[in-house]
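Architecture at a glance
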Amino acid sequence: MPKHPKRRARRLALLALSVAALAGFLYWDNTALQATRFDPVFTDLPSGFDGCRIVVLSDLHGAEFGRDNADLFAAVAAEDPSYIFFLGDLEDKYRGPEDGYPAEIAQGLSAIAPTYYVTGNHEWAIGGVPALKETLAANGVTVLSNQFVPLEQNGDTIVLAGIDDPNGYADQKTPEELAAEVYAAYGDPFWILLAHRNSRFATQYSLLGADLVCSGHAHGGIIRLPFTDGLLSHDMALFPSHTAGLYEANGACLFVTRGLGNSGPSFRVFNRPEIAVLTLHRAEP
């Protein structure tokens, strides 16, 4: 017989309660959507886009928030965006594609606001990218495959460009070639670049001349700790950079969203699924 059966029972009960509390926190931390708001300021933003609200989403990885993603769509709609940018990794290579999922996401988001999409690395790892792009386009999403389009608001125009992930076709148009086409068509416009990989901003994307680059890929550093930019990169490197929020380099601004889902067996800690809201501001003269 144990010498202190009541003490042992209390310890077991406390351990069980602690495990349950930790499990509950991790579940909430990985499923409770969080809207975060950012207010970048630009001296050359056309006045017609002053106050323009953009919802930036990325790295859904096949996740579901509410039945048929109803909670996700409701949270995005509540932000009343002028545009929605989706920055790739719609599905997850470890889980594989799910029938009807891309169409569901495309229909839900495009019903809220004009939605623009670029591929991430997981789309190319899964395969069938041309068919995926056709599905998204057929359900209301504008797919930017090394392409650019004008956005018009209040009598002014900016340019939105988007590149396929580097995992795409070996002979695809380079970001530098796309930037040259933007300048050839529009002179020196205010332009935004959608590019999945945050890790290429400092060495490549910031050098293209875009005023704002929007990226995902980093999952917020997966585990966010105080005084860090996240604990782990997507490839398990310690203390990555450019994982969440606003950054500057070479005269360009980068915004990185923490994304929404998890890849494979990974999970988030202190890093809830993010609906990022960018409100563009024109600097006062």
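Residues numbered from 1 in each chain as written. Predicted model: local features only at pLDDT ≥ 70, side-chain atom pairs only at ≥ 80, totals over all residues. Heavy atoms only, no water.

The name given to the protein chain in an unreviewed UniProt entry is Metallophosphoesterase, and the organism recorded there is Candidatus Oscillibacter excrementigallinarum.

This paragraph deals with the sheet that holds strand 11 (residues 245-249). Read across the open sheet, the 6 strands follow the order 7-8-9-10-12-11; overall the sheet is mixed. Only two strands of the sheet have a single partner each, and these edge strands are strand 7 (147-153) and strand 11. Between one strand axis and the next, the sheet turns through 25° on average, direction left out of account. Of the strands in this sheet, strand 7, strand 8 (156-162) and strand 9 (191-197) are in contact with helix 6 (residues 175-186), which crosses strand 7 at around 45°. (Pairing = 2+ DSSP bridges. Helix = DSSP H or I, 4+ residues; strand = E, 2+ residues; numbered from the N terminus. Axes fitted to C-alpha atoms, helices over the stretch in contact; angles between N-to-C directions. Contact = heavy atoms within 4.5 Å.)

Relative to the elements of secondary structure, Lys93 occurs in the loop between strand 4 (83-86) and helix 3 (101-110). Distance from Lys93 to Asn262, taken between C-alpha atoms, is 11 Å for residues 169 residues apart in sequence. If we ignore the near neighbours within four places in the chain, the residues touching Lys93 are His122, Ala125 and Ile126.

Attention now goes to the environment of Val143. Tracing the sequence through the fold places Val143 in strand 6 (residues 141-143). Along the primary structure Val143 and Leu132 are separated by 11 residues, whereas in three dimensions their C-alpha atoms are 9.9 Å apart. Leaving out residues up to four positions away in the same chain, Val143 has contacts with Tyr117, Lys133, Leu136 and Ala137.

A word on the side chain of Glu274. Along the chain, Glu274 falls in strand 13 (residues 274-279). Classification of Glu274 as buried rests on a relative accessible area of 2%. Sequence-distant contacts of Glu274, defined by excluding residues within four places in its chain, comprise Gln34, Thr36, Phe38, Leu57, Thr257, Arg258, Gly259 and Leu260. (Buried < 20%, exposed > 50% of the residue type's maximum accessible area, 1.4 Å probe, protein only.)

What follows concerns the pattern of salt bridges. The full count for this structure, using the stated rule, is 8 salt bridges. We note a salt bridge from Arg37 to Glu79, for which the minimum N-O separation is 2.7 Å. You can see Arg37 sitting in strand 1 (residues 34-38) and its partner Glu79 sitting in the loop between helix 2 (70-78) and strand 4, a full 42 residues away along the chain. Residue Glu79 is classed as buried on the basis of its relative accessible area of 8%. Of the charged contacts in the structure, one is a salt bridge between Arg95 and Asp92, with a shortest N-O distance of 3.7 Å. Residue classification places Arg95 among the partly exposed positions, given a relative accessible area of 47%. Through salt bridges with shared partners, a single network forms among Arg37, Arg53 and Glu79. (Salt bridge = Lys/Arg side-chain N within 4 Å of Asp/Glu carboxyl O.)

Take the UniProt feature "domain: Calcineurin-like phosphoesterase" (unreviewed entry) in the protein chain next. Residues given the UniProt feature "domain: Calcineurin-like phosphoesterase" (unreviewed entry) here are residues 53-220. With 28% helix and 24% strand, residues 53-220 has end C-alpha atoms that lie 22 Å from one another. (UniProt positions renumbered as here; feature names shortened; annotations may be inferred.)

Turning to the packing of aromatic side chains, a few remarks are in order. A full pass over the atoms with the stated rule returns 10 aromatic pairs. Through pairs of rings, three or more aromatic residues link up here, namely Phe25, Trp28 and Phe270. (Phe/Tyr/Trp six-rings, centres within 6.5 Å; stacked < 30°, edge-to-face > 60°.)

Looking now at the nonpolar core. Counting 26 residues, the largest nonpolar core has Phe85, Ile192, Leu194 and Leu212 as the members making the most contacts within it. Contact partners of Leu194, with chain neighbours within four places excluded, come to Phe85, Leu87, Tyr116, Val118, Leu144, Leu160, Ala161, Gly162, Ile163 and Cys214. Val55, Leu60, Leu90 and Ile105 belong to the second-largest nonpolar core, a separate cluster that totals 24 residues. (Core = buried A, V, L, I, M, F, W, Y, C linked by side-chain atoms within 4.5 Å.)

As a packed pair, helix 3 and helix 5 (residues 129-138) sit with axes 8 Å apart at the nearest point and diverge in direction by 35°. Remark: the crossing between helix 3 and helix 5 carries right-handed chirality. When helix 3 is examined against helix 5, the residues Pro102, Ala103 and Ala106 are found in contact with a partner set consisting of Leu132, Thr135 and Leu136. Among the residues forming the contact of helix 3 with helix 5, the class breakdown is 5 nonpolar, 1 polar and no charged. (Left-handed = near helix turned anticlockwise from the far one by under 90°. Nonpolar A, V, L, I, M, F, W, Y, C, P; charged D, E, K, R; others polar.)

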